[in-house]
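# Architecture and fold: a report
For reference, the chains in residue letters:
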Amino acid sequence: MSTIESNLQVVRARIAAAARAAGREPGDIALLAVSKTFAAGEVRAAYAAGQREFGENYVQEGMEKIAALSALPLVWHFIGPIQSNKTRAIAEHFGWVHSVAREKIALRLAQARPQELGPLNICLQVNVSGEASKSGVAPEEVRPLAEAVRTLPRLRLRGLMAVPEPSGDIELQRRRFRGLRVLLERLNAAGFGLDTLSMGMSQDLEAAIMEGATMVRVGTAIFGERVKT
Ligand SMILES: *Cc1c(COP(=O)(O)O)cnc(C)c1O
């Protein structure tokens, strides 16, 4: 068994244990394998172990892997910061974008999404950590941004995403994730019909699942430590 395959088994077992502890069905939590900085060959090894959904943070790097692996039935998620001049490449090559935090970016994605690909799935990235993080829309701006994105053609608003500040304090982790869940519940009470809470990474996926995550984004625990560049 490859290291990636055994790592995936461990991660799936962690997800299942956390789900059961939370009284949830393990199958209700999707696993996104975050392959940034890793090669197409490593994505292929994860695919061989049954993984289908992959997340990338950098457009150029992601597009190279998407091209190299185009024969495989993979779903690609863009999860990194979005520059305006990269929206076309993202809209043409990815199935999901988790990191939308500005209306202008959503508009550009909508304009660039090729009709034949079907709608681009969107999560709004929310800054749930206040001063401790600069990425994401402020919680009080989520509703107006969601209203704007909902009206755009070729986009399908699916839910919310957050990357809280790293913390070893599980109560703090849970508080941040709970904040995101409450925002999603408010939008759904207003009729948005959202089904995705993208939260939880290698270090904090248990806390995220306890608070209702429907998709966890896991890199290190599957592929190993990233070499810092
Ligand atoms: C890198 C990254 C991840 C994965 O982080 P790990 O700690 O390696 O699991 C998840 N989400 C986002 C947005 C990332 O940038």
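Let me sum up the structure you'll find in this document. (Residues numbered from 1 in each chain as written. Predicted model: local features only at pLDDT ≥ 70, side-chain atom pairs only at ≥ 80, totals over all residues. Heavy atoms only, no water.)

### Looking at the overall build of the chain
Of the regular secondary structure elements, the chain holds 9 helices and 8 strands. For 229 residues, the compact-globule estimate of 2.2 N^0.38 gives 17 Å, and the chain sits close to it at 17 Å. Principal-axis analysis of the C-alpha atoms places the extent of the chain at approximately 50 × 40 × 35 Å. For the chain, contacts bridging at least 24 residues in sequence account for 57% of all contacts bridging at least 6. As displayed, the chain has an accessible area near 10,800 Å², and 51% of this comes from carbon and sulfur atoms. Each charge class in the chain can be summarised by its mean position, and for the 29 positive and 24 negative side chains these summaries are 3 Å apart. (Helix = DSSP H or I, 4+ residues; strand = E, 2+ residues; numbered from the N terminus. Rg over C-alpha atoms; globule rule 2.2 N^0.38 Å. Contact = heavy atoms within 4.5 Å. Areas by Shrake-Rupley, 256 points an atom, 1.4 Å probe, with all protein chains shown as cover. Lys, Arg positive; Asp, Glu negative; His and termini not counted. Charge placed at Lys NZ, Arg CZ, Asp CG, Glu CD.)

### Things to note about unusual backbone geometry
The phi torsion at T37 lies on the positive side, around 75°, for a residue other than glycine. Along the chain, the position of T37 falls in the loop between β1 (30-34) and α2 (40-48).

### Considerations on the site of the ligand
In the vicinity of the ligand, 13 residues are found, and the nearest of them are K36, N57, S202, T220 and R226. In the model, an oxygen atom of the ligand is placed 2.7 Å from a nitrogen or oxygen of the N57 side chain. One nitrogen or oxygen atom from the side chain of R226 is found 2.8 Å from an oxygen atom belonging to the ligand. In isolation the ligand exposes 390 Å². Once the protein is present, 89% of that is buried. Taken together, the residues of the shell around the ligand sort by class into 6 nonpolar, 4 polar and 3 charged. (Near = heavy atom within 4 Å. Polar contact = N/O pair within 3.5 Å; in protein donor to acceptor, adjacent residues only side chain to side chain. Nonpolar A, V, L, I, M, F, W, Y, C, P; charged D, E, K, R; others polar.)

### Brief notes about the side chain of Q125
Here Q125 lies in strand β5 (residues 120-125). Contacts of Q125, omitting those with residues within four sequence positions, involve H98, S99, V100, A101, S135, G136, V137, M161 and V163.

### Points about the environment of G168
By the secondary structure assignment, G168 is in the loop between β6 (155-161) and α7 (170-189). Put simply, G168 and Q203 are 35 residues apart on the chain and 8.3 Å apart in space, counted from C-alpha to C-alpha.

### Section: the pattern of salt bridges
Evaluated as defined, the whole model comprises 12 salt bridges. With a closest N to O distance of 3.0 Å, R158 and D195 form a salt bridge. Of this pair, R158 sits in strand β6 while D195 is found in the loop between α7 and β7 (196-198), placing the two residues 37 residues apart along the sequence. A relative accessible area of 14% means that R158 is categorised as buried. E211 is the partner of R174 in a salt bridge, and the nearest nitrogen-oxygen pair spans 2.7 Å. A residue pair is termed long-range when its members are at least 10 positions apart, and R174 in helix α7 and E211 in the loop between α8 (205-210) and β8 (215-218) qualify at 37 residues. Using a relative accessible area of 21% as the deciding quantity, one classes R174 as partly exposed. (Salt bridge = Lys/Arg side-chain N within 4 Å of Asp/Glu carboxyl O. Buried < 20%, exposed > 50% of the residue type's maximum accessible area, 1.4 Å probe, protein only.)

These figures come from the coordinates and say nothing about function on their own.
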